[in-house]
Amino acid sequence: MPLALALTVRIGLWLLLAPLLPGVINKVKAVVAGRRGPPLLQLYYDLARLWRKEVVWSTAASPGHVVAPAAAWVALVVAAALLPLGSAGAPLAFRGDALLFVYLLGLARFCTGLAALDTGSAFEGMGAAREVSYAVLSEATVITALLALSAQSGSVSLAGMFGQTAGAGTLLLAAGLFVVLLAENSRVPFDDPNTHLELTMIHEAMVLDHSGPPLAVILHGAALKLLVFAVVLVEAVLPLGRLSPLAAAGALAGSITLVAVGTGLVESLMARLAFRRVPLSLVTAFLFCLFALIVAWRGDA
Amino acid sequence: MMPGFLLLAAALAITTGLVSAPRAPRIWRAAMLAGGALAFTAAIVVLASTVAWDWRAPLAVGGEHWHLRLDGLSAFFLVLVSSFGALGSLYAHEYWSDDEHPVSAPAGRFWWAMLFLAMALILMSANGMHFLIAWEIFAVSGYFLITSERHRVEVREAGWLYLGASHASTLCLFAFFAGLAARTGSWDLGPMRGQSELAPLFWLALLGFGLKAGVFPLHIWLPSAHANAPSHVSAILSGVALKMGIYGLVRFSGWLPPPAAAGWAVAGLGAASAVLGVAFALGQHDLKRLLAYHSVENVGIILMGLGFAMIASTQGQPPAWGRLALAAGLLHVWNHGLFKALLFLAAGSVLHTTHTRIMSRLGGLWRLMPWTTGLFFLAAAAIAGLPPLNGFVSEWLLFLGLFDAMNAGGPAAWAAIPAVVLLGVTGTLALACFVKVCGVVFLGTARSDAAARAREPGWSMRAPMLVLGAGCVAIGLAPALFWPAIQRAMEDWQPAWGAAATSPAPLQALGAFHVVIAGLTALAMFGLWRRVKNNGVSRAVTWDCGYALPTPRMQYTAGSFAAIITEWFASILRPRRRVSLPDGPFPASARLEVHTPETVLESIVVPIAMQAMRLSTAVRRLQHGRLQAYMLYLLAGVVALAALALLGA
């Protein structure tokens, strides 16, 4: 059973390491601001505490309050399991898995959006509306990036697209995907994970009425999603698959840390964008990826 | 010979249905169920075999011998027609009962059987004239079904628009079949790809069938017709009847030598329908109108598949990506039939108990209608193209075909790149739209008394929905099982496309993933549910920024939810706003209303029609009933002719 073992180790690593990333970002923000900040493992403590807590539900909440977080979390876990990791590749790869990956992220969004509308709160409705609307642009960007990678590698599988080749459009791709990472994971300048103003929130507004274990699942899923996007960004840019296993693992870990530090720096140095600017910056990211696609597609011709 | 007997028995059953419709609803229902089951079996038999069923009657209708043929492609569509013809009749029993609708229920039963029969005949006609006759019966029975509630003025308007559009479509098809008959010398239909002089006729077919399929600029009749018909009728019109237009396009794009630009045009129209259909859907307040616009979207997705297949068919040996695109289009025909019919039936259950289609009067229905809610959510996830359901399978096939087309290079790559992006955008927009619908209609708390008093429909309405939902799940979890049927249909589209027996896409791997996702989700839900129960649950009011007593009116509305996206498309949607701002330090009232009209109809078709009317009115002044003036016309005419003759000589 080498495949089962490899899969267990891989998914275990994903689940275990995901909550580390927000910790790194928060540490960077604290250092820049001259504070000591919360411990690196704060999210682990939070998750453990939430898992043991009693649940308080809105009187309007349906069983969807349990079903949707669970389904969203599974979608994210399967999406993560599809991604190739460095030279270890992707054991579950099949032709067209790239699109399953994109649509699994969509499934997670569908579930979180519905769970947000479940309580009938105007704030959560607002958050869900923003999330699904901006996702139109960020998903178009991700699909364009996948097209660029497919044109570059000639493959329609994540294993072929990621970590195999680096093209001339790499920098453009990196810029586009980094913006998507910030937008999809509700980071500054699109959203502020520390905000206390319900009116201005996106992701945080959607989880206002969740509590206890379902909230733990949602938070863990969000951390997992951040790690997924970080891995996508790194592997779209660096041909890690060609390195030796150890070097690839080191480079992957180092680059992901770098992405987290970059996110922390952006968050410390930038203010939030006004909502009307959000589509504009996402369209810019889309154009970055589109130019990367054109370079990858027509570059050789 | 086997399908022949089955079809004969089905025809007898449906005829029994026609006869028994006014007086004997039970016999009618049994007849429709039997007819549907028999026709379904016949279609499956043909799909499973390698030969088509072909039958020439000695009987001549309109001077032409009656010729029926059921090949793989028509059987593929007959599966949809027959299964919904039967399921819908079951639903109608409770939904449109004789007690509530003493006049329109018996008439509706008759026209339902007629519609079923006409659609089956369209699929099987191998003679242009009989195709036209069946087409006309199909259009007219649709009209009588749509206008079941003709005492309401908006129903009559919708029916009138439908009738006008249907006849415009029939007119195009008249020209098409007449042109075909004139150039080939016979009304017989069959493959004629060798005769390149027939190519321009395809444009007429595109217009005629496109009107019926609801392709974007030609969809003007569709939203009001589907919204105002009884819900089981909306379901068959949207899920099945639109597919007759698709069938015509698929059929004749395979039989005729298509013009060089046809594939590009079909794919372009498809992309436009897909994106704009869902954009219009987002702006709607009426649940059924919204679903109707999603039909425009899904027809667009089907046509994108067909268009790329047509582009591929112009390249000698058909490339694998073309087969993927065609397979995606065909499978989406089934998928859209399943989930759209389910959505309309579930919307019908809501309408039946709350008597309103306006989404902002609903809310909180999950508590009172758990079955309907669950099935609606299932269909919503399917139509949004989410794994592990059937909508994703066909969209995935199309994506795969388009990615391959891009990597294969050549001119098709230029079209494939925008198509991929637009298909992705369509998917996310549909997702946004269905999060809105599900959330506003079924979650939260009731926004009106009618919604608070809703109740679950009985089993005769639930059973058809369950069957359709099971179909969505089955295609999602075991897509490889359905590949042979698609393959069989492709063979009869063009013989060259049936060469390879195996699927060019790893459907088995996708199916396995879907099963794993479904299993893991069930497991995770169970685990989390137990954990929550274990930790204990207490209830509190919804957090609304400190309000102690949130009311249902404080919930987010459907209009606000969609506002971000509809604003992006405002230049096309042209939403109408009526705003009265709060005024003064103690404002008494304020109001904001946003309404998305059928823009193509109101800003393009109606003005052109008005101009035509004005012109005709001007011409009508010549005819006023005064004999002297008519004699003057005659005299002037004779003088003019004489002058012409003299000058000509």
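## Brief notes about the overall build of chain B
A count of helical and extended segments in chain B gives 23 helices and five strands. Whereas a compact globule of 649 residues would reach a radius of gyration of roughly 26 Å, chain B reaches 27 Å, a difference of no more than 12%. Along the first, second and third principal axes, the C-alpha atoms of chain B reach 100 × 70 × 60 Å. Per-residue burial for chain B yields a buried fraction of 55% across its 649 residues. Summarising the internal contacts of chain B: among those between residues at least 6 apart in sequence, 79% fall at separations of at least 24.

## Describing the overall build of chain A
In terms of regular secondary structure, chain A is built from twelve helices and one strand. Order of helices (α) and strands (β) in chain A, N terminus to C terminus: α-α-α-β-α-α-α-α-α-α-α-α-α. Whereas a compact globule of 301 residues would reach a radius of gyration of roughly 19 Å, chain A reaches 19 Å, a difference of no more than 12%. Summarising its shape, the C-alpha atoms of chain A cover approximately 60 × 50 × 40 Å along the three principal directions.

## As for the domain arrangement of chain B
Its domain assignment divides chain B into domain 1 (260-498) and domain 2 (599-648). Look at where the C-alpha atoms of domain 1 of chain B and domain 2 of chain B centre, and you get two points 48 Å apart.

## So, the interface of chain B and chain A
With 64 residues of chain B in contact, the opposing surface of chain A contributes 65 residues. Contributions of two or more residues to the side of chain B that touches chain A are made by helix H14 (390-408), helix H15 (411-442), helix H19 (507-535), strand S3 (537-540) and helix H20 (558-568) of chain B. Counted by class, the side of chain B that touches chain A contains 44 nonpolar, 16 polar and four charged residues. Two elements, strand S1 (residues 55-58) of chain A and S3(B), share four bridges in a ladder whose sense is parallel. Across the sheet, Val56(A) pairs through a bridge with Ser538(B), a residue of S3(B).

## A few points about the packing of helix H11 (residues 287-313) of chain B against H15(B)
Residue and element names in this part refer to chain B. As a packed pair, H11 and H15 sit with axes 11 Å apart at the nearest point and diverge in direction by 160°. The orientation of H11 relative to H15 falls into the category roughly antiparallel. Classified by chirality, the crossing of H15 by H11 is left-handed. Of the residues in H15, those in contact with Leu287, Leu290, His294, Glu297, Ile301, Met304 and Ile311 of H11 are Ala412, Ala415, Ala419, Leu423, Thr426, Ala430, Val437 and Val441. Looking at the contact of H11 with H15 residue by residue, the classes come out as twelve nonpolar, two polar and one charged.

## Re unusual backbone geometry
The peptide bond linking Val188(A) to Pro189(A) adopts the cis configuration, its omega dihedral lying at 10°. Within the secondary structure layout, Pro189(A) lies in the loop between helix H8 (170-184) and helix H9 (203-206). With omega at 5°, the peptide bond leading from Pro387(B) into Pro388(B) counts as cis. In this structure, Pro388(B) sits in the loop between helix H13 (370-383) and H14. For Ser186(A), which is not glycine, the phi torsion reads 50° and is therefore positive. In this fold, Ser186(A) is placed in the loop between H8 and H9. Non-glycine residue His355(B) carries a positive phi angle of around 60°. With respect to the helices and strands, His355(B) occurs in the loop between helix H12 (320-354) and H13. Classification of His355(B) by C-beta neighbours within 10 Å gives exposed; the count is 10.

## Brief notes about the nonpolar core
Grouped together as the largest cluster of nonpolar side chains are 353 residues, with contacts concentrated most on Ala230(A), Met119(B), Leu342(B), Ala379(B), Val420(B) and Cys438(B). Per element, the largest residue contribution to this core is 22 residues, and it comes from H15(B). Apart from the residues lying within four places of it in its own chain, the contact partners of Leu342(B) are Leu375(B), Ala379(B), Met465(B), Leu468(B), Gly469(B) and Cys472(B).

## A short note on helix H12 (residues 278-298) of chain A
Relative to the 30 Å expected for 21 residues at 1.5 Å per residue, H12(A) spans 30 Å between its end C-alpha atoms, a close match to the ideal helical length. For H12(A), the set of buried residues is Val278(A), Leu282(A), Ala285(A), Phe286(A), Phe288(A), Cys289(A), Leu290(A), Ala292(A), Leu293(A), Val295(A), Ala296(A) and Trp297(A).

## Things to note about the pairing of strand S5 (residues 591-595) of chain B
Residues and elements named next belong to chain B. The buried fraction of S5 amounts to zero of the five residues, a small share that puts the element mostly on the outside. Strand direction decides the pairing type here: strand S4 (residues 576-580) and S5, joined by five bridges, are antiparallel. Note on S5: the bridge partner recorded for Ser580 is Arg591.

## Some remarks on the packing of helix H4 (residues 104-124) of chain B against helix H5 (residues 128-146) of chain B
All names here are of chain B. Packing of H4 against H5 leaves a shortest axis separation of 8 Å and a crossing angle of 150°. Judged on the interaxial angle alone, H5 and H4 are roughly antiparallel. In this structure, H4 crosses over H5, and the sense of that crossing is left-handed. On the side of H4, the interface is formed by Ala107, Gly108, Trp111, Trp112, Met114, Leu115, Ala118, Met119, Leu121 and Ile122, while H5 contributes Phe131, Ala134, Trp135, Ile137, Phe138, Ser141, Gly142, Phe144 and Leu145. Of the residues contributing to the contact of H4 with H5, the split by class is 16 nonpolar, three polar and no charged.

## Concerning H12(B)
Helix length check: H12(B), at 35 residues, gives a terminal C-alpha distance of 50 Å against a target of 51 Å (1.5 Å per residue), a fit within 8%. Counting buried positions over the 35 residues of H12(B) gives 31, a clear majority of the element.

## Points about the confidence of the model for chain B
Residue and element names in this part refer to chain B. Chain-level statistics for chain B give a pLDDT mean of 91 and a share of 99% at 70 or above. Within chain B, the element-level pLDDT minimum falls on strand S1 (residues 53-61), averaging 84, and the maximum on H13, averaging 96. Among the scores for the predicted complex, ipTM is 0.95 and pTM is 0.94.

## Quick notes on the environment of Val81(B)
Residue and element names in this part refer to chain B. Considering the arrangement of structural elements, one finds Val81 in helix H3 (residues 72-95). Judged by the 30 C-beta atoms lying within 10 Å of it, Val81 is buried. Distance in space between the C-alpha atoms of Val81 and Ala451 is 33 Å, their sequence separation being 370 residues. Once you skip the residues sitting within four places of it in the chain, Val81 turns out to touch Phe116, Met119, Ala120, Leu123 and Val240.

Procedures and definitions
- Residues numbered from 1 in each chain as written.
- Chains lettered and ligands numbered in written order.
- Predicted model: local features only at pLDDT ≥ 70, side-chain atom pairs only at ≥ 80, totals over all residues.
- Helix = DSSP H or I, 4+ residues; strand = E, 2+ residues; numbered from the N terminus.
- Rg over C-alpha atoms; globule rule 2.2 N^0.38 Å.
- Buried ≥ 20, exposed ≤ 12 C-beta atoms within 10 Å, placed from the backbone.
- Contact = placed C-beta atoms within 7 Å.
- Domains from an automatic or database assignment.
- Nonpolar A, V, L, I, M, F, W, Y, C, P; charged D, E, K, R; others polar.
- Pairing = 2+ DSSP bridges.
- Axes fitted to C-alpha atoms, helices over the stretch in contact; angles between N-to-C directions.
- Parallel < 35°, antiparallel > 145°, perpendicular 65-115°, else oblique.
- Left-handed = near helix turned anticlockwise from the far one by under 90°.
- Core = buried A, V, L, I, M, F, W, Y, C linked by C-beta atoms within 7 Å.
- Expected span 1.5 Å × (residues − 1).
- pLDDT = per-residue confidence, 0-100.

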